[in-house]
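Structural description and commentary
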Amino acid sequence: MRKLIYFIFTLVVLSASGCGYNTMQANDEAVKAAWGDVEAAYQRRSDLIPNLVEVVKGYAKHEKETLIAVTEARAKVGSIQMSKNIVDDPNTFRQFQQAQSAMTSALSRLMVVVERYPDLKANQNFQDLQHQLEGTENRINVARVRYNKSVETFNTSIRIFPNSLTNSVLLHLKLKEPFKAEAGAEKAPQVKF
């Protein structure tokens, strides 16, 4: 009788290890960690913007419309509560992505304004801020790519057999939303001088 109990126990342990429960949990945590990296990169950008706006404001006092657009975009980004749960809510995730797209657009307009002011482009403070902002945009891109890879791994892990059975019976985890390209991103931007 004891041998039968040990056999059943061993069978349960071995079958549980193959059910993917731990893998799915680890992949869910990896998505959350990757999302934290995305948040940190966006926060860095958000922290740099007021300094950039102030430097540009000193040179381009009459470019209020663009400066206001940047400030409003930053405020909109700040109004969305960033949390680990944002990746579980497709609507909030979409709002977050739209707010970040508006910020990117406003910053692009700001850089066009800067082109009109040769003294500003030569200012060391502005150049330092611009390099930091460019580096931050690169960090955001890297964080988003890593997040999408984590989402891919997670989504695959909850859809493959036998993990899909474990998920449907025990965990009830939902697919995560990856970052997607903005509408029109497939067209190369035109640069005119």
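Here the structure is shown first, and the text comes after it.
Computed from a predicted structure; not experimentally measured. In this numbering scheme, every chain counts its residues from 1 along its sequence in written order. Reporting of local features is limited, given that this is a predicted model, to residues whose pLDDT is at least 70; pairs of side-chain atoms are given and counted only at 80 or more, and all residues count toward the totals for whole chains, interfaces and linings. Side-chain numbers come from the whole structure's heavy atoms, not from hydrogens or water.

1. Side note on the overall build of the protein chain
Counting its regular elements, the protein chain contains 7 helices and 0 strands. Shown N-terminal to C-terminal, the secondary structure of the protein chain runs as helices and strands in the order α-α-α-α-α-α-α. Contacts were defined at the residue level, with two residues in contact if any of their heavy atoms lie within 4.5 Å. Long-range contacts, defined as pairs at least 24 residues apart, comprise 78% of the intrachain contacts of the protein chain with a sequence gap of at least 6. Accessibility throughout is a Shrake-Rupley quantity obtained with a 1.4 Å probe, and a residue counts as covered only by protein chains that appear here. Only carbon and sulfur atoms are counted for the fraction: they give 56% of the accessible area of the protein chain, which is about 12500 Å². Numbering of helices and strands starts at the N terminus; helices are DSSP runs of H or I of at least 4 residues and strands are runs of E of at least 2.

2. What to know about the packing of aromatic side chains
Stacked, edge-to-face and tilted are the three classes for Phe, Tyr and Trp ring pairs, Trp counted by its six-membered ring, which pair at centre distances within 6.5 Å; planes under 30 degrees apart are stacked, over 60 edge-to-face, the rest tilted. Under the definition given, this model contains 8 aromatic pairs. Seen in terms of ring centroids, Trp-35 and Phe-179 are 5.9 Å apart; in terms of plane orientation they differ by 20°. Their pairing is stacked. Within this pair, whereas Trp-35 is found in helix α2 (residues 21-59), its partner Phe-179 is found in the segment after α7 (163-171), the two being separated by 144 residues in sequence. One exposure class covers both Trp-35 and Phe-179, and it is buried. Three labels apply to residues, based on accessible area from a 1.4 Å probe with only protein chains included: buried if under 20% of the type maximum, exposed if over 50%, partly exposed otherwise in between.

3. Structural notes on the side chain of Gln-97
Mapping Gln-97 onto the fold places it in helix α4 (residues 90-115). Each residue touching Gln-97, except ones within four places of it in the same chain, is listed here: Arg-144, Phe-179 and Lys-180.

4. Re unusual backbone geometry
A cis geometry characterises the amide bond from Phe-161 onward to Pro-162, with omega recorded as 5°. Looking at the secondary structure, you find Pro-162 in the loop between α6 (124-159) and α7. The phi angle at His-172 is positive, at roughly 60°, despite the residue not being glycine. Mapped onto the secondary structure, His-172 falls in the segment after α7. Look at His-172 and you get exposed, because its relative accessible area is 53%.

5. Side note on the nonpolar core
Only buried residues count toward a nonpolar core. Its members are Ala, Val, Leu, Ile, Met, Phe, Trp, Tyr and Cys residues joined through side-chain atoms within 4.5 Å. Of all hydrophobic cores here, the largest spans 35 residues; its most connected members are Trp-35, Val-38, Val-70, Phe-96, Leu-107, Tyr-147 and Phe-179. Broken down by secondary-structure element, the contributors of at least two residues to this core are α2, α3 (64-79), α4 and α6.

6. Thoughts on the pattern of salt bridges
The salt bridge definition used is simple: a Lys or Arg side-chain nitrogen within 4 Å of an Asp or Glu carboxyl oxygen. Within this structure, the stated rule accounts for 6 salt bridges. Across the pair Asp-28 and Lys-176 runs a salt bridge whose closest N-O atoms are separated by 3.2 Å. Placement of the pair is Asp-28 in helix α2 and Lys-176 in the segment after α7, with a sequence separation of 148 residues. Under the relative-accessibility criterion, Lys-176 is labelled buried at 6%. Where salt bridges share partners, they join Asp-28, Glu-29, Lys-32, Asp-88 and Lys-176 into one cluster.

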